[in-house]
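Survey of secondary and tertiary structure
Each chain, letter by letter, is given below.
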Amino acid sequence: MLLGIGVIIVYSASAVLAAQNMDDAFFYAKRQLMWALLGIISMFVMMNYDYHKLKKIAKPLLIICFLFLIAVAIPGIGTVRGGSRAWLGIGSLGIQPSEFAKLGIIIYLAYMLSRYQDRIVEFKRGLLPPLGIAVAAVGLIMLEPDLGQSTVLMGTVIIILFAAGAKIKHLLGLASLAIPAFIALVVVAPYRLKRITAFMDPWAYQLDEGYHIIQSLYAIGPGGLLGLGLGRSRQKFLYLPEPQTDFIFSILAEELGFIGGATLLLLFLLLVWRGLRTAITAPDTFGSLLAVGITGMIAVQVIINVGVVTGSMPVTGITLPFISYGGSSLTLMLTGVGILLNISRQTR
């Protein structure tokens, strides 16, 4: 259902932009449908692939993910899009290594923590090794730079560590260290400070840093209870930037209203509930942590995306799972759901 809604809304949100820039109103919709079909194939493959076999490829998969993250940071190899060197490929055909690194790290941490679960209560031997892997990946992703993907990855890792049995005081200690690290990131890149100040008062920066969120609210507000009607968005007429990707929820809320937006969030909530239920009833610790990681990744990404477009969080580029346009994100999410379905098939 989420995937079907996504393909329809991608067309509605991108038709004007695609007609102007690509001379084809269906340009983004056709590509999204192609990626959706490839993602569904990947999902069915993983659904029928015993997740226990992932243990054997967890380490090689992690190494490949890090090699891709390193490669994308090298000028001449990584492709720059939207101000970030985050892609590998030629022209419009490419992959985003940070997307696949999230799933690779989830698989490896589930394997690592299930193997040495008794150590997780120890800070040095149990918590630092998996955290070090995550911090190294986040460091490479921040070189792109991509704060959104880094936040999703760290949020997912914290959820896995909590589910694995890490002590609350250790996690709170890490959270206290994250505050000065966040301040340092803001100081290093002044544009992030502008985003935070614009988040506090977007109307004071309505022609630059506050523009995105103001246009997003101009879309959500008029949607009212029932919306303007499917295909009748006004903000997609080149007012709202990235209407088919980061701000697609704004277009959906404008056209389908509060009822449509709330229904979409309920579908995500249902998916998260079923994912957590799968984790609880998984036959082993590896399957449980794997299910928690995949479900947590989806949940964190939804929270950040909806938080940004509703003005509840500072603007950062992150897609809405299964809904936003984008091949790497869609394929990754559907592959993850395939693994989740395989675990679900073996639950007790």
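Basis of the calculations
Residues numbered from 1 in each chain as written. Predicted model: local features only at pLDDT ≥ 70, side-chain atom pairs only at ≥ 80, totals over all residues. Heavy atoms only, no water. Helix = DSSP H or I, 4+ residues; strand = E, 2+ residues; numbered from the N terminus. Rg over C-alpha atoms; globule rule 2.2 N^0.38 Å. Buried < 20%, exposed > 50% of the residue type's maximum accessible area, 1.4 Å probe, protein only. Contact = heavy atoms within 4.5 Å. Areas by Shrake-Rupley, 256 points an atom, 1.4 Å probe, with all protein chains shown as cover. Lys, Arg positive; Asp, Glu negative; His and termini not counted. Charge placed at Lys NZ, Arg CZ, Asp CG, Glu CD. Bend = angle between axes of the 7 residues up to and from the residue. Expected span 1.5 Å × (residues − 1). pLDDT = per-residue confidence, 0-100. Core = buried A, V, L, I, M, F, W, Y, C linked by side-chain atoms within 4.5 Å. Polar contact = N/O pair within 3.5 Å; in protein donor to acceptor, adjacent residues only side chain to side chain. Salt bridge = Lys/Arg side-chain N within 4 Å of Asp/Glu carboxyl O. Patch = residues over 30% accessible without salt bridge, like charges linked within 9 Å, V, L, I, M, F, W, Y side chains within 5 Å. Axes fitted to C-alpha atoms, helices over the stretch in contact; angles between N-to-C directions. Parallel < 35°, antiparallel > 145°, perpendicular 65-115°, else oblique. Phe/Tyr/Trp six-rings, centres within 6.5 Å; stacked < 30°, edge-to-face > 60°.

The next subject is the overall build of the protein chain. Across its full length, the protein chain carries 12 helices and 3 strands. Relative to a compact globule of 348 residues, whose C-alpha radius of gyration would be 20 Å, the protein chain shows 20 Å and is just as compact. Dimensions of the protein chain along its principal axes, counting C-alpha atoms only, are 55 × 45 × 45 Å. Out of the 348 residues in the protein chain, the part that is buried amounts to 49%. Across the protein chain, the fraction of contacts at a sequence separation of at least 24, relative to all contacts at a separation of at least 6, is 69%. Accessible area of the protein chain: about 16100 Å², with a carbon and sulfur share of 70%. Placing the 25 positive and 16 negative side-chain charges of the protein chain at their respective mean positions leaves the two points 11 Å apart.

Along helix 1 (residues 2-22), the helix axis deviates most sharply at Ser14, where the bend reaches about 55°. Asp23 occupies a position one or two residues after helix 1 and carries a positive phi of about 60°.

Taking 1.5 Å of rise per residue, 25 residues should cover 36 Å, and helix 11 (residues 285-309) covers 36 Å from first to last C-alpha, within 8% of that figure. The element helix 11 is largely enclosed, with a buried count of 21 among its 25 residues. Of the residues flanking the end of helix 11, it is Gly311, one or two places downstream, whose phi is positive at about 80°.

Of note in the backbone geometry, Leu238 takes a positive phi value of approximately 65° without being a glycine. Among the structural elements, Leu238 can be located in the loop between helix 9 (211-223) and helix 10 (248-280). The partly exposed category is assigned to Leu238, whose relative accessible area is 43%. In the Ramachandran plot, Glu242 falls in the positive-phi region, its phi being about 50° despite a non-glycine side chain.

Summarising the model, the protein chain shows a mean pLDDT of 91, and 98% of its residues fall at 70 or more. Confidence, expressed as mean pLDDT per element, reaches its minimum in the protein chain at strand 3 (residues 93-95) with 72 and its maximum at helix 10 with 97.

Now for the nonpolar core. One finds Leu161, Phe268, Leu290, Leu320 and Ile339 to be the most contacted residues of the largest nonpolar core, which totals 88 residues. No other element matches the 14 residues that helix 11 contributes to this core.

It is worth spelling out the side chain of Lys236 at this point. Mapped onto the secondary structure, Lys236 falls in the loop between helix 9 and helix 10. By relative accessible area, Lys236 is classed as buried at 6%. A polar atom in the side chain of Lys236 sits 2.9 Å from the backbone oxygen of Ser12. Excluding residues within four positions of it along the chain, Lys236 makes contact with Ser12, Ala13, Val16, Gly231, Ile251 and Glu255.

Let's shift gears to the pattern of salt bridges. Applying the stated criterion across every chain, the model contains 4 salt bridges. Put simply, Asp24 and Lys30 hold a salt bridge, and the shortest N to O gap is 2.8 Å. A relative accessible area of 22% places Asp24 in the partly exposed class. For the salt bridge of Lys102 with Glu99, the shortest nitrogen-to-oxygen distance reads 3.1 Å.

Among the secondary structure elements, Val308 is positioned in helix 11. Residue Val308 is classed as buried on the basis of its relative accessible area of 3%. Separated by 51 residues in the primary sequence, Val308 and Gly257 place their C-alpha atoms 18 Å from one another.

With that out of the way, let us pick up a nonpolar patch on the surface. Judged by side-chain polarity, Ile63, Ile64, Leu67, Phe68, Ile70, Ile74, Ile77 and Ile95 come together as a nonpolar surface patch covering roughly 680 Å² of accessible area. The element best represented in the nonpolar patch is helix 3 (residues 54-72), accounting for 5 residues. Residue class for Ile95 comes out partly exposed when judged on its relative accessible area of 31%.

Let us look at the packing of helix 7 (residues 168-188) against helix 8 (residues 190-200). Here helix 7 crosses helix 8 at 110°, and the two axes come no closer than 4 Å. One element, helix 7, and the other, helix 8, form an angle in the roughly perpendicular class. Contact residues: Phe182, Leu185, Val186, Val187 and Val188 in helix 7; Pro190, Arg192, Leu193 and Ile196 in helix 8.

The full count for this structure, using the stated rule, is 6 aromatic pairs. Ring plane angle 65° and centroid distance 6.0 Å describe the contact between Trp203 and Tyr218, whose orientation is recorded as edge-to-face. You can see Trp203 sitting in the loop between helix 8 and helix 9 and its partner Tyr218 sitting in helix 9, a full 15 residues away along the chain. Trp203 gets classed as partly exposed once you look at its relative accessible area, which sits at 42%. Three or more aromatic residues joined by ring pairs form one cluster here, namely Phe27, Tyr28 and Tyr325.

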